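Structure assessment
One letter stands for each residue in the lines below.
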Amino acid sequence: MIVAGAGSGKTKVLTTRIIHLMAAHQVDAFNILALTFTNKAAREMKERVERILGSGEARNLYIGTFHSVFARILRFEADKIGYPKHFTIYDTDDAKSVVKAVINDLNLDDKHYKPNIVYNRISSAKNALIGPEEYRNDYALQQEDIRANRPAIGQIYDQYVKRCFRNGAMDFDDLLLKFYELLRQVPECLSRYQQKFRYILIDEYQDTNPAQYEIIKLLGAMHENVCVVGDDAQSIYSFRGATIQNILQFQKDYDNVKVVKLEQNYRSTQSILEVANEVIRNNKGQIEKVLFTENPEGEKIRLVRTMTDNDEGKFVADSIQEQKLRHHFANKDFAILYRTNAQSRAFEESLRRMGIPYTIYGGISFYQRKEIKDMVAYLRFTVNPRDEEALKRIINYPVRGIGKTTLDKLLLLSNEKDCSTWDILLNVREHGFRAGTLTALEDFVTMIRSFASMLEKSNAYDLAFHVGKQTGLVKELFNDKSTEGMQRYENIQELLNSIKEWTESPDNDEGELVDKSLGAYLQQITLLTDADEKDVDADTVKLMTIHAAKGLEFSCVFAAGLEELLFPNAMAINTREELEEERRLFYVVITRAKQKLWITYANTRYRFGQLVQNEPSRFLDEIPESYLDRSFAGTKTTPTRHSSKWSTNYEPRPQQRTTSEKLSYMAPKPPVARVVEHKPSEGFTPSDMTELEVGHRVEHQKFGYGEVIKLEGSAHNPVATVQFEHNGEKKIMLNYARLRIVKS
DNA sequence: CGCAAAGCTTATCTG
DNA sequence: AAGCTTTGCG
């Protein structure tokens, strides 16, 4: 077990170990299994090994995420657990849709039984290796459901599992669960993979769940060459079923465990690292370690409060602009990291306004777009006609006269006979549909059959192209000349291109032949994420959640939205365990920064279209004052003593806020410098700022009258220095503040 | 069956 | 505020 602090070179250790095994101990690449947290990490690791060994052997390594590696094996062994070789992998949307269908079939109210909640419960159960039967016999789980007034979840779970099986589909959790079952139920599989994987390496071990734990235990039992790398301080995936116990208990789980600690950080400045250490010290129950660095001390951490979430966005965009000009940073040196995806909007807007290129991670991935899902649904259904979710998408798209009534009837029949909807369709004459409907249904069946007959003769690309043409789907999108319609058409073309590229990419040179069937293609795209599709090296500012930023590093980091109820999030402040995980999340965001770190928070922000007020995050109290620079933004105020406790009563803000005040940045503790009050003149209207020149006399809504003495900044962010009559010299950012040019 | 309007929900994190 | 679902009508 390698306990590796943030920035201590975890991934390098894993890569080096693989190389060492192969080069110095002549271990065959086919006997090494390396499990990573993301597809991207897997790809990078493979490339690094290949670059150093240069023998082409790297491609024979089993490197990937738990999900992708197990999916690959399951496809091979599917028949042994009763699944079709080309089983479909359901993403969360598909899975929730099945849950919803089951809820409706059981005549339960989907207002009470929200598919989202039910699905999450099922998912947690699966991650803990609890099947439907055990679920219904588990007293604690039953009590929880009864208390939440959802006693039928066990029943839904049971039906859900049966429905997925009938559809020939596995959800994400099944990829772990079914693999586990395979090992448990089929002895020859267990021994085959135990023998094959003589060396097992696992990255980010602190974020593994019980299902993953048991699988590793089984696979590793024969050789006990299990090497895990992790950092308990960065365990942030408990919502996905991860248990920090896996890493805390590792020493008890295996004989002869050797623990290696990596405590030197090569990433961050001393200031950043010390702040991180101070914060994480507040957690109990950790593996003891002291992170240090030989890097320079660096700058203090800038703590900035703004009035609103939009101001926060503007502040960050301005700061990026300023840093770029002053210190020649590139766009890609910056990351804006936040707790929830919904926070991205304000940053997007301000970056766009300033003309700073950016990339958002964690939105919907390419493969989740409607038009892509529609096209993919045809391909899925061709490969696996039991896939009811795919059928529901395509049976009447493009429109072919098979409406809701007909579809409902088909679904009902398949439930009654407990067979797939496809089986009903194959004998559709027996079920008394009207003549017109019958023709439409039979035409549909004929079409799908013609696609299926191509599966063996054609490659994935030719088939996909044919499907797009034959169904009229491509034509339908082509005819839509709206901006969105053209975009959708381009997306379909892009999909076809990517299938082509995939089809033509080279095979494995020895050993296994890479499977180039459509089925194999479909399987891997379901497991791709947003992050896998985007180019990390592009010169853009990166926006993502802290979870998504795990394992990454940036020269300059903005940790945004440090507010109570947002971070720590309201959903995670009810138990010590939850709160400690939020703190680890804070630790993660701090340690993403190499050189400069900003921490920002807003007094008010919009939620569901409503303005809410937030207090500063309790985590801010945990940073010693000496590491902080609070005087940083906007108004020049001297920092004052920091009261060790933020008031629990909300400190009311000034009664009426003028526009300029609302848009100004504030130093956190002492709010704003006192200004001499000014009442805007009657009918105050801001002038066109492009006409502003040095020497103009202007009126500001709050600061009053003054004279422009300097113009600077860029075209995107012009700044005027104004000498006010009663309020001294101020720098006014013309994008935000509004000035009236006074006729003289 | 298709469309438009109204109504309702959402937003903690993800392979 | 925005996206998705339901409802109502032609």
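The preceding data block contains the structure.
About the criteria used
Residues numbered from 1 in each chain as written. Chains lettered and ligands numbered in written order. Predicted model: local features only at pLDDT ≥ 70, side-chain atom pairs only at ≥ 80, totals over all residues. Heavy atoms only, no water. Pairing = 2+ DSSP bridges. Helix = DSSP H or I, 4+ residues; strand = E, 2+ residues; numbered from the N terminus. Axes fitted to C-alpha atoms, helices over the stretch in contact; angles between N-to-C directions. Contact = heavy atoms within 4.5 Å. Buried < 20%, exposed > 50% of the residue type's maximum accessible area, 1.4 Å probe, protein only. Near = heavy atom within 4 Å. Nonpolar A, V, L, I, M, F, W, Y, C, P; charged D, E, K, R; others polar. Parallel < 35°, antiparallel > 145°, perpendicular 65-115°, else oblique. Left-handed = near helix turned anticlockwise from the far one by under 90°.

Remarks on the sheet that holds strand S2 (residues 32–36)
- Pairing is parallel in the open sheet, where 6 strands are placed in the order S3-S2-S6-S7-S1-S8. The sheet is open, and its two borders are formed by strand S3 (62–65) and strand S8 (260–262), each paired with just one other strand. Geometrically, the sheet is characterised by an average inter-axis angle of 15 degrees between neighbouring strands, direction not taken into account.
- Sheet topology places S2 next to S3; 4 bridges connect them, and they run parallel. In the sheet register, Ala 34 faces S3, and the bridge partner there is Ile 63.
- The sheet strands contacting helix H11 (residues 210–220) are S2, strand S6 (199–202) and strand S7 (226–230), and the helix crosses S6 at an angle near 160 degrees.

Concerning the pairing of strand S12 (residues 334–338)
- Taking burial as the measure, the 5 residues of S12 include 5 buried ones, the bulk of the element.
- Along S12, one buried face is formed by Phe 334, Ile 336 and Tyr 338 and the opposite face, lined by Ala 335 and Leu 337, is buried too.
- In the sheet, S12 pairs with strand S15 (residues 554–559) via 4 bridges, with the strands oriented parallel. By the bridge assignment for S15, Ile 336 is matched with Phe 558.
- Pairing between S12 and strand S14 (residues 541–545): 4 bridges, direction parallel. Within the sheet, the bridge partner assigned to Ile 336 lies in S14 and is Leu 543.

So, the protein's contact with DNA strand B
- The full set close to DNA strand B counts 24 residues, and Arg 339, Asn 341, Val 399, Gly 403 and Met 571 are the nearest of them.
- A share of 50% of the atoms of DNA strand B within 4 Å of the protein falls on sugar and phosphate groups.
- Within the surface near DNA strand B, the residues separate by chemical class into 8 nonpolar, 10 polar and 6 charged.

Things to note about the packing of helix H17 (residues 370–383) against helix H25 (residues 518–526)
- Remark: H17 packs on H25, axes separated minimally by 10 Å, with the N-to-C direction vectors making an angle of 130 degrees. In terms of orientation, H17 lies oblique with respect to H25. Judged by the sense of rotation from one axis to the other, the crossing of H17 with H25 is left-handed. Contacts between H17 and H25 involve Val 376, Leu 379, Arg 380 and Val 383 from the former and Leu 518, Gly 519, Leu 522 and Ile 525 from the latter.
- Residue classes in the contact of H17 with H25 are distributed as 6 nonpolar, 1 polar and 1 charged.

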